[in-house]
Amino acid sequence: MTFKSLAAGTATAIALATATFAMNPTVGGAPMLVERNIIENAVNSPIHTTLVAAVQAADLVETLQGEGPFTVFAPVDDAFAALPAGTVETLLEPENKEMLQKVLTAHVVAGDWSAADIIAAAKSSPDGFYHFNAVSGDALSAKVVGGNVYIFDESGNAGKVTVADVDQSNGVIHVVNKVLVPK
């Protein structure tokens, strides 16, 4: 092997690695690595500290590190801060663990749903909404408005997908700007 072929092979490997890395969006300025699972990436996101604390308090870490695949609509810290005063603190109390699990699993869907999949399903639906269920059993709906994807909870509150298609080793995360609240 010559130096020239070794250098060319190394350059190709670096280019492929960079292209793979560049294809996955950053979240809050932090790189999200495809080879990491949902939890491993979430703990590196500076805009998901409340979500990570809630997942830990709800004992859902092991589940979200599991094989999946899962699609997670991940609310940012500002979304939790926008809830009525005291809501997050109340949900994080040990005696409210079941309620916290319900809220968090209302943001998780079985399967690996890309934004393109969700958009196609919504656009092909007669009412313009893609209707589906979270793993909590709660109904969610997706609609495309002005080129943006919105996820609606059962009460009709909508969270805008602000960062789509953050691929994980066990699914995908779509960052949303609202907490989806089950009934």
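This one's a predicted model, so the numbers in the text were calculated from it and none came from an experiment.

So, how was this worked out
Residues numbered from 1 in each chain as written. Predicted model: local features only at pLDDT ≥ 70, side-chain atom pairs only at ≥ 80, totals over all residues. Heavy atoms only, no water. Helix = DSSP H or I, 4+ residues; strand = E, 2+ residues; numbered from the N terminus. Buried < 20%, exposed > 50% of the residue type's maximum accessible area, 1.4 Å probe, protein only. Contact = heavy atoms within 4.5 Å. Areas by Shrake-Rupley, 256 points an atom, 1.4 Å probe, with all protein chains shown as cover. Pairing = 2+ DSSP bridges. Axes fitted to C-alpha atoms, helices over the stretch in contact; angles between N-to-C directions.

Would you take a moment to explain the overall build of the protein for this structure?
Along its length, the protein carries eight helices and seven strands. Looking at the protein as a whole, 40% of its 183 residues qualify as buried. Here the contacts in the protein between residues at least 6 apart in sequence split such that 59% fall between residues at least 24 apart. Surface summary for the protein: the accessible area is close to 9,500 Å², and the carbon and sulfur share equals 60%.

Before we go on, may I ask you to explain the pairing of strand 1 (residues 70-75) in this structure?
Consecutive residues of a regular strand have side chains that alternate between opposite faces of the sheet. Summarising burial for strand 1: six of the six residues are buried, a large majority. Of the two faces of strand 1, the one holding Phe-70, Val-72 and Ala-74 and the one holding Thr-71, Phe-73 and Pro-75 are both buried throughout. Two elements, strand 1 and strand 2 (residues 108-110), share three bridges in a ladder whose sense is antiparallel. Across the sheet, Val-72 pairs through a bridge with Val-108, a residue of strand 2. Across six bridges, the pairing between strand 1 and strand 7 (residues 171-176) is parallel. Counted as the bridge partner of Val-72 is Ile-173 from strand 7.

How should I be thinking about the environment of Ser-45 in this particular structure?
With respect to the secondary-structure elements, Ser-45 resides in the loop between helix 2 (38-42) and helix 3 (49-57). Ser-45 sits in the buried class, given a relative accessible area of 4%. Ser-45 sits 19 residues away from Thr-26 along the chain, and the two C-alpha atoms are 8.6 Å apart. Apart from the residues lying within four places of it in its own chain, the contact partners of Ser-45 are Val-27, Ala-30 and Met-32.

What is the right way to read helix 3 from this model?
Turning to helix 3, its buried residues number three or more, namely Thr-50, Leu-51, Val-52, Ala-54 and Val-55. Where helix 3 terminates, the next one or two residues include Asp-59, which has phi positive at roughly 60 degrees.

Looking at this structure, I do not really get the sheet that holds strand 6 (residues 158-168). What am I missing?
Pairing between sheet strands relies on hydrogen bonds along the backbone, with the strands arranged either parallel or antiparallel. Here we have seven strands laid out as an open sheet, ordered 2-1-7-6-5-4-3, and mixed in their pairing. Only two strands of the sheet have a single partner each, and these edge strands are strand 2 and strand 3 (129-133). Strand-to-strand twist across the sheet, computed as the mean angle between neighbouring axes with direction ignored, equals 30 degrees. Bridge count between strand 6 and strand 7: five bridges; the pairing is antiparallel.

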